[in-house]
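An overview of the molecular structure
Listed below are the residues making up each chain.
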Amino acid sequence: MDGLPPPLEGVTVVAVEQAVAAPFATRQLADLGARVIKVERVDGGDFARGYDTAAAGLASHFVWCNRGKESIALDLKDPRGLDVVRRLIADADVFVQNLAQGAAARLGLDAATLCAAHPRLIAVDVSGYGSGGPYADKRAYDMLVQCEAGLVSVTGTPGQPVKAGIPAADIAAGMYAFSGVLAALVRRGTTGRGGPVEVSMLEALAEWMGHPLHHTIHGGTPPERTGLAHAVIAPYDAYPTADGSRVLLSVQNDREWRRLAERVLGRPGLGTDPEFATNAARVRHRERTDALLGEALGALGTDEALALLEAAGIACARLRDLRELNEHPQLAARERWREVGSPVGPLRALLPPITLPGGSEARMGDVPALGEHTEALLRAAGMTDEEIAALRRDGVAA
């Protein structure tokens with residue numbers, strides 16, 4: 001089994017992409033060995049390049065979503081730039097785009113048009129709300145879709161709804177686009193035909209809303225916003241410890257509650273007390289349940305509290321910040337950190353979470369500079385020195 005090639009080696013992807021959703025999908029493909037050609041605007045490229053300068057002068061979103069790609073900068077409003085993209089697509093296995101609604105169709109780069117011309121091509125349209133319906137033409141940014149999908153309604157405290165701290169709608173759409181490509185590649189392997197793949201941010205995030213959605217439409221009551229607590233399980237929250245940190249724990253069943261009562265709270269009688277013995281009872285008496293945990297854990301240091309909970313077989317965790325995640329002992333022990341190249345030098349990055357034992361490690365290629373591969377890709381598309389010079393002179397390529 002040793003020495004298996006990357007699973008997507010030999011697959012070529014062309015992407016006219018921007019922001020997060022499509023770039024995140026194609027980065028997964030690149031990590032698995034696909035060649036990903038990223039088509040960017042000549043005037044600044046993917047606008048995510050300008051979000052911030054936090055990654056040693058580069059934008060953190062861009063560094064996260066674009067390693068391992070080749071960048072070609074083209075003006076697609078010029079027929080010559082569009083012709084280059086069509087040449088690249090003719091030799092590609094997969095095309096991905098997340099342009100504004102209708103823009104791809106105007107350029108002839110929508111999935112239906114491309115798949116009719118190239119039967120083996122897998123063409124992915126990533127949009128905010130889908131190709132039809134009353135919301136099709138609405139602008140769709142992550143926070144807006146989080147609101148439309150109801151995520152914000154169940155996130156936060158009773159008095160304050162909040163958006164997720166990560167671009168959840170973008171990530172959801174990106175991962176379904178990624179898995180959609182993999183499914184379409186498997187189908188092409190058996191049928192010889194590619195075909196369109198459609199993913200919308202709203203539909204992707206609505207799927208992730210499955211638990212609160214089913215709780216509401218079948219149970220009749222939306223889950224309450226409970227901060228770090230769980231809407232229908234108790235105890236399930238973060239509790240302060242004596243050294244100023246917090247420990248999060250979760251009791252999933254009544255057997256665990258009895259162990260917690262005996263071995264952590266030191267009050268075994270609570271295990272059979274009708275006001276606490278069942279999860280439904282503990283949820284009804286959430287404030288009293290939390291008070292019991294707060295009193296017991298508040299007298300302990302964080303390490304001591306975690307050791308006691310672990311010994312009792314209770315699921316628990318530290319409430320870590322991002323600097324602590326960077327130093328997480330589990331990630332270090334499993335050697336998950338690598339360095340990737342970039343225009344500003346090596347940058348620290350995590351291995352992707354898909355691990356394929358027995359095969360080669362994920363390809364974590366460099367983060368490209370804007371237009372870094374334009375020359376090579378134009379030559380590969382069959383252009384002469386004179387044609388390339390003309391494209392650069394006229395601002396069609398950069």
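Quick note: structure is the one above.
Note that the coordinates shown come from a computational prediction; the quantities given were computed from them, not determined experimentally.

As a further point, take the packing of helix α1 (residues 21-31) against helix α7 (residues 168-191). In the contact formed by α1 and α7, the axes pass within 7 Å of each other and the chain directions differ by 45°. Regarding the angle of α1 to α7, the classification is oblique. Classified by chirality, the crossing of α7 by α1 is right-handed. Judged by residue contacts, Ala-21, Phe-24, Ala-25, Gln-28 and Leu-29 of α1 engage Asp-170, Ile-171, Ala-173, Gly-174, Met-175, Ala-177, Phe-178, Val-181 and Leu-182 from α7. When its residues are assigned to classes, the contact of α1 with α7 shows 11 nonpolar, 2 polar and 1 charged.

Turning our eyes to something else, we now look at helix α8 (residues 201-208). Those residues of α8 lying buried are Met-201, Ala-204 and Leu-205. Buried residues in α8, looked at end-on, bunch into an arc of 90°, giving them a common side. Exposed side of α8, more than 90 degrees from the buried face: Glu-203 and Glu-207 are the residues found there.

What follows deals with the sheet that holds strand β3 (residues 69-73). Across the sheet, 6 strands lie side by side as β3-β2-β1-β4-β5-β8; this open sheet has parallel pairing. Looking along the sheet, the strands with just one partner apiece sit at the ends: β3 and β8 (195-200). The average angle at which neighbouring strand axes cross in this sheet is 20°, direction not considered. Where strand β1 (residues 12-16) lies against strand β2 (residues 35-40), 5 bridges are found, and the strand directions are parallel. Bridging from a neighbouring strand, Val-14 pairs with Ile-37 of β2.

What counts, and where the lines are drawn
Numbers given to residues run from 1 along each chain, matching the order in which its sequence is written. The predicted origin of the model limits local features to residues at a pLDDT of at least 70 and limits the giving and counting of side-chain atom pairs to 80 or more, whereas totals for whole chains, interfaces and linings rest on all residues. Excluded from the side-chain calculations are hydrogens and water; all other atoms, namely the structure's heavy atoms, are used. Under this scheme, a helix contributes an axis fitted over its contacting stretch, all axes are lines through C-alpha atoms, and angles between N-to-C directions fall in the 0 to 180 degree range. In this text, helices come from DSSP runs of H or I with a minimum length of four residues, and strands from runs of E with a minimum of two, each type numbered from the N-terminal end. By definition in this entry, angles of less than 35 degrees are roughly parallel, angles greater than 145 are roughly antiparallel, angles of 65 to 115 are roughly perpendicular, and the rest are oblique. By convention the crossing between two helices is left-handed if the near helix lies anticlockwise of the far one by an angle smaller than a right angle, and right-handed if it lies clockwise. We call two residues in contact when some of their heavy atoms are within 4.5 Å. We call Asp, Glu, Lys and Arg charged. Ala, Val, Leu, Ile, Met, Phe, Trp, Tyr, Cys and Pro are nonpolar, and the rest, Gly among them, are polar. For every residue, the accessible area obtained with a 1.4 Å probe (protein chains only) is divided by the maximum for its type, and the residue is called buried under 20%, exposed over 50%, and partly exposed between those limits. It is the directions from the helix axis to the C-beta atoms whose arc is reported. Any two strands between which DSSP finds at least two bridges are classified as paired.

Function cannot be inferred from these measures alone, as they are strictly geometric.
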